[in-house]
Amino acid sequence: MRIGILGTGTLAAALGEGWIRAGHEVWIGGRSQAKADKLAGRLGRLGRGAFAGTPREAATDRDAVLLAVSWDGVEDMLGLAGAAEGVLAGTPLIDPTNAVAHGVGDLLTGHGESMATRIAGLAPGAHVVKAFHLFPAGLWTAPADDGRPRPTVAMCGDEPAALRVVGDLVSDVGGAPATLGSLDRVRQLEEVAGFVIGLAFAGVDPNSAIPKVS
């Protein structure tokens, strides 16, 4: 696939690395051209198909686009990518953002609102899929461990075709895709991130708070 990545941080680098190793072409677009060039150069040493450009270039004519920025940078980045002009229309747009209070886990979106639905409003026609928002970036570049179960990446989205595309990209980095439902359920998925973050900052292992179901 031809994948656009909007952002140059740790998640952009980790998933970009995984997708390059899987044979995909990756375009990096960031608010800093120097950082985009640096990341593309680093990924390019792993295999062919890593390029840097403007956010608009990274988002145009891609099979999928990853929005790898902090939640409060979403509107700015989508503006630079031309989302309001329809650049992302028809494109699977992966949303891994967590709009939560640092160290607390409270959601910072409005009552009943989710980041994914906010993003859908900022990118008319894009097929938004919530995914990759629960695990740290380093998981996707960790050495494979045959004894470790694949991490399940819960996803929400309205378009079956977009969910299939994102599911394939999840599998390519060693995850197991699991669709929870449509964007109507995405706030529930985002609340889970707040739950996990809140427990972790309280010094509690979130895994111990989730029952094992046989």
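Looking up the protein in an unreviewed UniProt entry gives the name NADP oxidoreductase, with the organism given as Streptomyces dioscori.

Before going further, it helps to spend a moment on the overall build of the protein. On a plain count of helices and strands, the protein comes out with seven helices and eight strands. Here the C-alpha radius of gyration of the protein, 16 Å, is about what a compact globule of 214 residues would show, namely 17 Å. Considered along the principal axes of its C-alpha atoms, the protein spans approximately 45 × 40 × 30 Å. Across the 214 residues of the protein, 46% fall into the buried class. Of the accessible surface of the protein, which amounts to about 10200 Å², a share of 53% is contributed by carbon and sulfur atoms. Looking at charge distribution, the protein has the averaged site of its 18 positive side-chain charges lying 6 Å from that of its 23 negative ones.

By size, the foremost hydrophobic cluster in this structure holds 33 residues, and its most contacted members are I5, W19 and F132. Those elements giving two or more residues to this core turn out to be β1 (2-6), α1 (10-21), β2 (25-29), α2 (33-44), β4 (64-67), β7 (152-157) and α6 (160-172). Sorting elements by how many residues they give to this core places α1 first, with seven residues. Once residues within four sequence positions are removed from consideration, F132 is found in contact with L11, L15, W19, I94, P96, W140, V153, L169, V170 and V173.

Relative to strand β3 (residues 50-53), β2 runs parallel, the two being bridged by four bridges. Each bridged residue has a counterpart across the sheet, and for I28 the counterpart in β3 is A52. In this fold, β2 hands off to α2, which returns the chain to β3; that crossover is right-handed.

Turning next to the pairing of strand β6 (residues 127-130). Within a regular beta strand, the side chains point alternately toward one face of the sheet and then the other, so they alternate between its two faces. When strand β5 (residues 92-95) meets β6, the two strands line up parallel, connected through four bridges. Of the residues in β6, the one forming a bridge with P92 is H127. In this region the chain leaves β5, passes through helix α5 (residues 115-122) and returns to the parallel neighbour β6; the handedness of that crossover is right-handed. Sheet topology note: the β6/β7 ladder contains two bridges and is antiparallel. Pairing of K130 across the sheet is with C156, part of β7.

According to UniProt, the "domain: Pyrroline-5-carboxylate reductase catalytic N-terminal" (unreviewed entry) feature falls on residues 2-98. Helix makes up 38% of residues 2-98 and strand 23%, whereas the separation of the span's terminal C-alpha atoms amounts to 25 Å.

Let us look at the packing of helix α4 (residues 74-81) against α5. Two numbers describe how α4 lies on α5: the axes approach to 10 Å, and their chain directions differ by 30 degrees. Classified by the interaxial angle, the pair formed by α4 and α5 is roughly parallel. Note that α4 runs across α5; the crossing there is right-handed. Within the contact between the two elements, α4 uses V74, E75 and L78 and α5 uses M115, I119 and L122. Across the contact of α4 with α5, the residue classes tally to five nonpolar, no polar and one charged.

To continue, consider the packing of aromatic side chains. Tallied over the entire structure, the rule returns four aromatic pairs. Ring centres 5.5 Å apart and planes at 90 degrees place the aromatic pair F132 and W140 in the edge-to-face group. The exposure classification of F132 matches that of W140, with both residues buried.

Rules behind the numbers
Residues numbered from 1 in each chain as written. Predicted model: local features only at pLDDT ≥ 70, side-chain atom pairs only at ≥ 80, totals over all residues. Heavy atoms only, no water. Helix = DSSP H or I, 4+ residues; strand = E, 2+ residues; numbered from the N terminus. Rg over C-alpha atoms; globule rule 2.2 N^0.38 Å. Buried < 20%, exposed > 50% of the residue type's maximum accessible area, 1.4 Å probe, protein only. Areas by Shrake-Rupley, 256 points an atom, 1.4 Å probe, with all protein chains shown as cover. Lys, Arg positive; Asp, Glu negative; His and termini not counted. Charge placed at Lys NZ, Arg CZ, Asp CG, Glu CD. Core = buried A, V, L, I, M, F, W, Y, C linked by side-chain atoms within 4.5 Å. Contact = heavy atoms within 4.5 Å. Pairing = 2+ DSSP bridges. Right-handed = clockwise from strand over helix to strand, strands pointing away. UniProt positions renumbered as here; feature names shortened; annotations may be inferred. Axes fitted to C-alpha atoms, helices over the stretch in contact; angles between N-to-C directions. Parallel < 35°, antiparallel > 145°, perpendicular 65-115°, else oblique. Left-handed = near helix turned anticlockwise from the far one by under 90°. Nonpolar A, V, L, I, M, F, W, Y, C, P; charged D, E, K, R; others polar. Phe/Tyr/Trp six-rings, centres within 6.5 Å; stacked < 30°, edge-to-face > 60°.

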